[in-house]
Every structure is written in structure tokens, then in C-alpha cells.
Amino acid sequence: MRATAIAQPNIALIKYWGKRDSDRNLPAVGSLSVTLGSIGTRTTVEFDAALDSDRVHINEQEVESVDRRVEKCLDRFREKAAIAHKAVVTTANDFPTGAGLASSASGFAALVVAADRALDLNLGEDELVDIARTGSGSAPRSLYGGFVLLENDSDDGIRCGSVLGPETWPWSIIIAVTSEAPKKVSSTDGMELSRTTSPYFSRWVETHDADLRAAVASIEDRDFEKLGELAERNCLKMHAVAMTSRPPLLYWSGATLECAQNIRELRKSGVPVFFSIDAGPQLKAFCLPDNSEEVRDSLESVPGVLRVISSELGEGARIVE
Ligand code: PMV
């Protein structure tokens, strides 16, 4: 009753920000992401009848109180397998946890794939998507590799799948880490605050589908410039909504903004590159492999950048043991 899975974080090009149903963790908008190849989460799940409660170890430390979202996911598997066994979940990230690098996405994707195998359930993809979604809205995207689309469906749920595999259109992603500290306001709290207080939230939702459709079309056309334009603007729209929440949410540091200007300058000089920022101070730059060294060198030179992580596109979550 034990299995280990690896999942990789994903970064949204068209963002998810806001829930239409908080209890069921359903997103207000669809999203489009790329799955990373070089950093990941490794999670072992072991169900054990002798345990009296679920236990979670993150990065070699046992957590004092288990996250309710983890218990909810495990409950779904217990229900499917018709057992009451509690579980030990041992998970490790090889990148900063909770700092806007999508650790919840890769964490929950690895958890559901490992739990499914530990209990030999062989659930279908739709069921894994649905269970991953109860943990974190962006987690279903890490079940898949390459370019991934997550959409609301007509049955009041979501569907998720790969639009293009990681080898079909190779990209480089360069992450400028400007802080290793966990963020002060979680994505869940931040997006709920935006939904209830930002005057721009309704416009964000109304204009979102057009961004999503145009982005999918530019992936189909392999139009890097168009996709970059759409993604950078969609990211700034999300942050405009966050910044106009009450109290305002400012996820950027000075170095984040310096990095954004650096990428814009680089683009002006003729390098095809664009950026995105999530609910944390790290900046993510996207370019084609031929330009990755140049982009990396440029971001490394920005004051306040602690380190730079380079990645190619990666595969979806998978069993390793
Ligand atoms: O999946 P969550 O609840 O961590 O939310 C992710 C929110 C953003 O990273 C800011 C945007 C996204 O689509 O990944």
C-alpha cells in the first residue's frame, strides 16, 4: 500500500485567479500553463491500518497539523478503495516551498498519482484531475506535460489536458529567485480577497476567455511573439486585480520589477522573451532554447536576484517506485 511519484511544477501563461465555488475549489476562469522539466516534487504515500491519523512530512520535517486539503484528497481515495486506513505522506521539493514556485501544484499532483497506485485503484484521468483540483486549483495541470489547458466544463466541473507535448515546441524557462521565504498571503486567500474586494475582478473574469482562446490559437500556430504578448499582459491583469484588492496585495519585490524591466529591455534589443509572475516575488522568463544563455546571464546581473533556475519543458506526473 505504498507508492512514490514525481510531479513537476507548472507556470501559468494565462492565469487562474479567483474561485467560482470556494467549498468545492472550482476556478472562476480557465488557465493555460507549461510544465517544467528540471525541478520537482517527490512524494511517497503509504496507507497503514495501524495509524490513528494522517501524517505528513515536508522536506524531512513532520508538520504539526496536517493541511485539511491533504486529508480531503486522501479521503477521496479511502472512499474509492472502501478502507479507513490513515496514511503517511512524505514529500520533498528540490526548490523553495510556498514561495510562488507552484509547490502546491506539483505536491498535489504527485500525491494523487502516488495514492492511486498505492491503493491499486487505476482511476481514470478525469477522476485524478477532479481529486487533484480539490487540493489546489493549479494541481491538475501538473498531471500533464508540455502546454496544458484547464477549462471549466458544462457539467459544473473542470477538464484538463495537454495541448502540445514537451518535445513538439521546445522552450526554456528561466526563474529569477528574489526571495526564498514563504509568501505572506497564500494564493487561496489572495484570490478570495480579490474576488470579494477588487473593482476589477468582474472585468478580469469577463475578458479572460478571449485571452485563453487567443493563447491556445498561438500555441497551435507556434507564434511565440503573440503568445508572449498575451501571457505578459494576462499576468499584469492578474496583478492589477490583486493590487486593487482591499487591503492591496503586492506580491512583487523591488527586484521582481527590476527583472521585469530587464526582460522588456532585452526584448527591445531583439531577443524574443517575455515574463510572468505568480503569487510571489520570483520572475519567470520564457524564451526559445537558442536564447536561454543570454536571458539567464541578463537576469543573473539584476541586483537582488539570489539565484537563477533554468528549465526546459517537462512531463506530467508519474510513478517512480
Ligand atoms: O493552485 P493555487 O491555489 O496555488 O493557485 C495558483 C495561482 C497562480 O499561481 C497565481 C496562478 C496560476 O494559474 O498558477
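In the block above lies the structure referred to throughout.
Residues numbered from 1 in each chain as written. Predicted model: local features only at pLDDT ≥ 70, side-chain atom pairs only at ≥ 80, totals over all residues. Heavy atoms only, no water.

Peer 1: Can you walk me through the overall build of the protein chain in this structure?
Peer 2: If you tally the helices and strands in the protein chain, you get eight helices and 16 strands. Within the protein chain, the fraction of its 321 residues that count as buried is 55%. Across the protein chain, contacts joining residues at least 24 apart in sequence account for 76% of those joining residues at least 6 apart. The centroid of the 35 positive side-chain charges in the protein chain is displaced by 4 Å from the centroid of its 48 negative side-chain charges. (Helix = DSSP H or I, 4+ residues; strand = E, 2+ residues; numbered from the N terminus. Buried < 20%, exposed > 50% of the residue type's maximum accessible area, 1.4 Å probe, protein only. Contact = heavy atoms within 4.5 Å. Lys, Arg positive; Asp, Glu negative; His and termini not counted. Charge placed at Lys NZ, Arg CZ, Asp CG, Glu CD.)

Peer 1: Mind showing me how you'd approach the site of the ligand here?
Peer 2: Not every one of the 14 residues close to the ligand is listed here, only the nearest: A12, Y16, S136, S138 and R141. Within the side chain of S136, a nitrogen or oxygen atom sits 2.8 Å from an oxygen atom of the ligand. Contact between the ligand and G137: an oxygen atom at 3.4 Å from a main-chain N or O atom of the residue. Protein contact buries 91% of the 380 Å² of open area that the ligand shows by itself. Across the shell around the ligand, the residue classes break down as six nonpolar, five polar and three charged. (Near = heavy atom within 4 Å. Polar contact = N/O pair within 3.5 Å; in protein donor to acceptor, adjacent residues only side chain to side chain. Areas by Shrake-Rupley, 256 points an atom, 1.4 Å probe, with all protein chains shown as cover. Nonpolar A, V, L, I, M, F, W, Y, C, P; charged D, E, K, R; others polar.)

Peer 1: Please explain the pairing of strand β6 (residues 41-48) as it appears in this structure.
Peer 2: Consecutive side chains of a regular strand alternate in pointing toward one face of the sheet and then the other. Relative to β6, strand β1 (residues 2-7) runs antiparallel, the two being bridged by six bridges. Looking across to β6, one finds that T4 is bridged to T44. Relative to strand β9 (residues 86-93), β6 is paired through eight bridges, and the arrangement is antiparallel. Considered in β9, the bridge of E46 is made with V88. (Pairing = 2+ DSSP bridges.)

Peer 1: Where do I start with the sheet that holds β1 in this structure?
Peer 2: What holds strands together in a sheet is hydrogen bonding between their backbones, with the strands either parallel or antiparallel. Ordered in space as β8-β7-β9-β6-β1-β16, the six strands form an open sheet in which the pairing is mixed. Pairing within the sheet leaves two strands with one partner each, and these edge strands are β8 (61-62) and β16 (318-319).

Peer 1: Which parts of the structure should I look at to understand the state of the cysteines?
Peer 2: Each disulfide consists of one covalent bond between the sulfur atoms belonging to two cysteines. Within this structure, the stated rule accounts for zero disulfides. No disulfide involves C73; its sulfur sits 15 Å from the nearest other cysteine sulfur, which is in C160. Take C73: its relative accessible area is 0%, and that puts it in the buried class. (Disulfide = S-S within 2.5 Å.)

Peer 1: Could you clarify how one ought to interpret the pairing of β9 in this entry?
Peer 2: Residues of β9 alternate between two faces, with A87, V89, T91 and N93 buried on one and K86, V88, T90 and A92 left unburied on the opposite face. In terms of strand pairing, strand β7 (residues 55-58) meets β9 through four bridges, oriented parallel. What sits directly across from V56, in β9, is V89.

Peer 1: Could you clarify how one ought to interpret the layout of surface pockets in this entry?
Peer 2: Once rolled over the atoms, a probe with the size of a water molecule shows which space is left empty. In this structure, the second largest pocket encloses a volume near 260 Å³. Along its surface, the second largest pocket is lined by 15 residues, and K183, K184, L250, Y251 and P281 are the ones closest to its centre. Of the residues belonging to the lining of the second largest pocket, the class tally is 10 nonpolar, three polar and two charged. (1 Å grid on protein atoms, 1.4 Å probe; cavity = no way out; pocket = protein on both sides within 12 Å on 5 of 7 lines; lining within 4 Å. Points joined across faces, edges and corners; volume = space filled by probe spheres on them.)

Keep in mind that these numbers describe shape and distance, not what the molecule does.
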